[in-house]
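The residues making up each chain are set out below.
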Amino acid sequence: MNTASQNRPKPAVLQRLVYNLLVGGKKYSAADIATALHLSDPRGHISQLRKKGIDIQDEWRKGVYGRYKVYYLKANFE
């Protein structure tokens with residue numbers, strides 16, 4: 001095993017980072033999450049969190065160049 005693979009964060013650690021970002025209550029696109037957390041594609045982590053029972057919501061938005069999704073967690077008081 002080389003040093004690069006030993007220093008790579010585990011998937012659960014990256015999922016926790018995505019969860020901690022979403023738990024703040026704002027809505028983020030995949031590009032926003034990728035930029036904020038320096039991940040190449042956070043959609044797989046979102047999928048894994050959903051499989052673990054985390055109720056991550058999404059909605060489509062219209063952008064200048066097409067549609068995109070934003071992801072968020074509903075607040076407990078809604």
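Scope of this entry: the structure provided in the associated data block. Source: prediction; values computed, not measured.

### Some words on helix α3 (residues 30-37)
And step 1. Turning to α3, its buried residues number three or more, namely A30, I33, A34 and L37. Viewed end-on, α3 has its buried residues packed into an arc of 100°, placing them on one side of the element. The outward face of α3, more than 90 degrees from its buried face, is lined by the exposed residues A31 and T35.
And step 2. The inward-facing, buried residues of α3 abut α2 (11-22), β1 (28-29), α4 (43-51) and β3 (67-73).
And step 3. Of the residues flanking the end of α3, it is H38, one or two places downstream, whose phi is positive at about 60°.

### Here's the deal with unusual backbone geometry
And step 1. The residue H38 is not glycine, and still its phi comes out positive at about 60°.
And step 2. Structurally, H38 is set in the loop between α3 and α4.

### Observations regarding α2
And step 1. For α2, built from twelve residues, the straight-helix expectation of 16 Å at 1.5 Å per residue is met to within 8% by its first-to-last C-alpha distance of 17 Å.
And step 2. All of the buried residues along α2 are L14, Q15, V18, L21 and L22. The arc that holds the buried residues of α2, viewed along the axis, is 120°, so those residues lie on one side.
And step 3. Taken together, the buried residues of α2 touch β1, α3, α4, β2 (56-62) and β3.

### As for the packing of α2 against α3
And step 1. Where α2 contacts α3, the axes come no closer than 11 Å and their chain directions differ by 115°. Taken together, the axes of α2 and α3 are roughly perpendicular relative to one another. Relative to α3, α2 is oriented so that their crossing is right-handed. Counting all contacts with α2, which are made through L17, V18, L21 and L22, the residues of α3 involved are I33, A36 and L37.
And step 2. The class makeup of the residues in the contact of α2 with α3 is seven nonpolar, no polar and no charged.

Parameters and conventions
Residues numbered from 1 in each chain as written. Predicted model: local features only at pLDDT ≥ 70, side-chain atom pairs only at ≥ 80, totals over all residues. Heavy atoms only, no water. Buried < 20%, exposed > 50% of the residue type's maximum accessible area, 1.4 Å probe, protein only. Helix = DSSP H or I, 4+ residues; strand = E, 2+ residues; numbered from the N terminus. Arc of directions from axis to C-beta. Contact = heavy atoms within 4.5 Å. Expected span 1.5 Å × (residues − 1). Axes fitted to C-alpha atoms, helices over the stretch in contact; angles between N-to-C directions. Parallel < 35°, antiparallel > 145°, perpendicular 65-115°, else oblique. Left-handed = near helix turned anticlockwise from the far one by under 90°. Nonpolar A, V, L, I, M, F, W, Y, C, P; charged D, E, K, R; others polar.

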